[in-house]
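Observations on the model geometry
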Amino acid sequence: MSGQAAIRIEQLGKRFGAGPLVLDDVNLSIESGEFVCLLGASGCGKSTLLNLIAGLDRPTTGAIDVPAEGAAVMFQESALMPWLTARQNVELALRLRGVARTARRAEALELLDTVNLADAAEKRPHELSGGMRQRVALARALAQDRPVLLMDEPFAALDAITRDLLHEELERVWRRTGRTIVFVTHNVREAARLGQRVVLLSSRPGRVAGEWRIAETSGRRIESPEVAALSIEITEQLRKEIRRNAA
Amino acid sequence: MPHDDIAGRGTQDPTAGRVATKERTETPAADPASSGLDTLAGARYSTNEADDLRSLEAGLDRLQTDDARGTNAWRTFTTSVLPPIIFVVVLIAAWQVYVWIVQPRPDIVPSPISVVTAISDAWQSDRLQTAVLTSLERGVFGFLIAVVVGTPLGLLLAEVKPLRRAIGPIISGLQVLPSVAWVPAAILWFGLTDATVYFVVLMGATPSIINGLISGVEQVPPQLRRVGTVLGAGPARLATLVVLPAALPGYVAGLKQGWAFSWRSLMAAEIIATGGTIGFGLGSMLDQSRELADLAGVLATILVILAIGILIELVFFAPLERRMLRRRGLLQGGTK
Ligand SMILES: Nc1ncnc2c1ncn2[C@@H]1O[C@H](COP(=O)(O)OP(=O)(O)O)[C@@H](O)[C@H]1O
Ligand SMILES: [Mg+2]
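Keep in mind that what you see is a predicted model, and the values were worked out from it rather than measured.

Here we come to the domain arrangement of chain A. All names here are of chain A. When cut into domains, chain A gives domain 1 (1-66 + 164-247) and domain 2 (71-145). One C-alpha centre belongs to domain 1, the other to domain 2, and the line joining them spans 26 Å. Contact residues are listed per partner, giving nine residues for domain 1 and eleven residues for domain 2. A buried area of about 870 Å², summed over both sides, lies between domain 1 and domain 2, and 68% of it is on carbon and sulfur atoms. The tally of links from domain 1 across to domain 2 stands at zero salt bridges. One can count two residue pairs in polar contact (both at pLDDT 80 or more) joining domain 1 with domain 2. Ranked by the residues each element gives to the side of domain 1 that touches domain 2, the list is headed by helix 5 (residues 160-177), at six residues. A breakdown of the residues in the side of domain 1 that touches domain 2 according to their chemical character gives five nonpolar, no polar and four charged.

Structural data, given as structure tokens:
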């Protein structure tokens, strides 16, 4: 594949205080515009790795290169400000980005329209469903206008029907905006459905335990046979990694 | 309408899938990573499937959210206004019936009618108006001073951890101390002046306001701070745009309690400290009726003090709190 690396992670290690090594010798290079899924069992260090990329935490050893503009982050919980409407939540991101007051409203509405939520602009978070909240959070992350979008299990708390739709939504947004996306999940099918590349992390310590590239990504659905086939392959590897801890 | 969307998708789906598969086999070189073809794919994607996705999402959104139910004024009236009114009316009726039947000594158990008479007498002699205005002015002014003092102190303690560890327990302790206890000291310091009254009110209300703000800030969900940081807020804008608005429910609860303590402390101070340059407030009126052994007057004044406390709560704090909680979806009881 062509294109320059947007994120380069070299010999990254992380431990919290005197605790065990959470991440050990992680090497990863992510191209600009690439959609990478980071997959691993719970507690393997996915969130830790994402926080390191986001600059919310510092690595113990090794180095991370990210674009100077930084990264936008989306979490499992939408974390919208409950006292603001959907539009005002997006406007807050624009304001903190330094967008002029007069331009904020129109831009916020446009971003909400990107995630098909123009009609819900004046609703407050508690009036929205879980899926709608995550879409507002996505619009807010897009409002930051950073080249990299980091997502930490953003759809894990949603029901399957909603999640399925948000997969399509996210894929569409990715194609339209050309963002580099790092998507963390513990759901093998979700990773196989979404990623151009799936990176499997082992547990204790977290290392890159496998990588799959998907050549053809358009037209995939969660129920597509190629997604199922890849899921089986990845699950095999994941189970092998988990079994190693039994000994 | 939403059902139509889902059904529509179900029938169109297989065809759409087949078309997509066909396209894929015909153009195997369509590498999404190369930007030119990427936008091409994006354009094709956004015309056909985006509309499909849009209507699908709109349907699901409709299914998953309740329509906002308007608040029913009559229902509010019958469930929350009527019951206490009925209770009070029954209570007064029982009292009057007791007086009629048992005929107790009127200087020990005055009838409701004589209490009402006492109130109207006080009104006609202008004593009631003077007392209410004096007390209300002091209560409100003292409370505002407490807000001005307590708010910055509360913010400081909430944000500076070592300070909170040192001073926090003492502030909580002060909340337990009845503010009447400050009256003798205040008289010795300030004499029988308004300063004594204001000092006691301040000592009564400030700890509640500080504590309310601290607990409000403590209850700010950590992920909101984290999001603020991720969005690029520095410490100052994090405080003003995220932490303070998020802490508002705790702060308002503290203000509400602060007002209650202001009013109580004020009455205590007015009952104990009379004379000097201290004007004639409701507490003074209460004390005066006691000296005259006028039980009807005492009860009348108690009722007025109670009514004012409830009135301020009802017309000021309750709507403020309700509006804030409703906007955040924190109000229990189904009203959206
Ligand atoms: N702030 C922290 N302090 C100490 N240990 C942590 C901290 N954050 C995460 N860990 C530990 O690091 C490991 C990986 O956690 P995490 O990255 O959240 O996993 P995942 O997101 O893959 O479920 C876990 O064992 C967790 O206990
Ligand atoms: Mg995690």
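Let us now look at the interface of chain A and chain B. Contact with chain A, which involves 47 residues of that partner, is made by 37 residues of chain B. A combined buried area of about 4,300 Å² lies between chain A and chain B, and 56% of that area is made up of carbon and sulfur atoms. Between chain A and chain B we count four salt bridges in total. For the salt bridge of Asp113(A) with Arg54(B), the shortest nitrogen-to-oxygen distance reads 3.3 Å. Counting across the chain A and chain B interface gives nine residue pairs in polar contact (both at pLDDT 80 or more). Broken down by secondary-structure element, the contributors of at least two residues to the side of chain A that touches chain B are helix 2 (86-97), helix 4 (130-143) and helix 5 of chain A. Ranked by the residues each element gives to the side of chain A that touches chain B, the list is headed by helix 5 of chain A, at ten residues.

This next bit is on helix 7 (residues 225-244) of chain A. Its 20 residues place the ends of helix 7 of chain A 29 Å apart at the C-alpha level, agreeing with the 28 Å of an ideal helix rising 1.5 Å per residue. The elements touched by buried residues of helix 7 of chain A are strand 3 (35-39), helix 6 (188-194), strand 8 (197-201) and strand 9 (208-213) of chain A.

Assignment of secondary structure puts Ala86(A) in helix 2. When neighbours within four sequence positions are excluded, Ala86(A) is seen to be in contact with Leu112(A), Ala120(A), Ala121(A), Lys123(A) and Val136(A).

This next bit is on the packing of aromatic side chains. Residue and element names in this part refer to chain B. Here the structure, examined in full by the defined rule, presents 13 aromatic pairs over all chains. The interplanar angle of 85 degrees and the centroid separation of 5.9 Å between the aromatic rings of Phe-143 and Trp-259 together place this pair among those described as edge-to-face. Here Phe-143 is found in helix 5 (residues 127-159), whereas its partner Trp-259 is found in helix 10 (residues 235-272), with 116 residues between them in sequence. Both residues of the pair, Phe-143 and Trp-259, count as buried. Among the aromatic residues, those joined into a cluster by ring pairs are Phe-143, Trp-259, Trp-263, Phe-316 and Phe-317.

Rules used in this analysis
Residues numbered from 1 in each chain as written. Chains lettered and ligands numbered in written order. Predicted model: local features only at pLDDT ≥ 70, side-chain atom pairs only at ≥ 80, totals over all residues. Heavy atoms only, no water. Domains from an automatic or database assignment. Contact = heavy atoms within 4.5 Å. Buried area = accessible area lost by both parts, 1.4 Å probe. Salt bridge = Lys/Arg side-chain N within 4 Å of Asp/Glu carboxyl O. Polar contact = N/O pair within 3.5 Å; in protein donor to acceptor, adjacent residues only side chain to side chain. Helix = DSSP H or I, 4+ residues; strand = E, 2+ residues; numbered from the N terminus. Nonpolar A, V, L, I, M, F, W, Y, C, P; charged D, E, K, R; others polar. Expected span 1.5 Å × (residues − 1). Phe/Tyr/Trp six-rings, centres within 6.5 Å; stacked < 30°, edge-to-face > 60°. Buried < 20%, exposed > 50% of the residue type's maximum accessible area, 1.4 Å probe, protein only.

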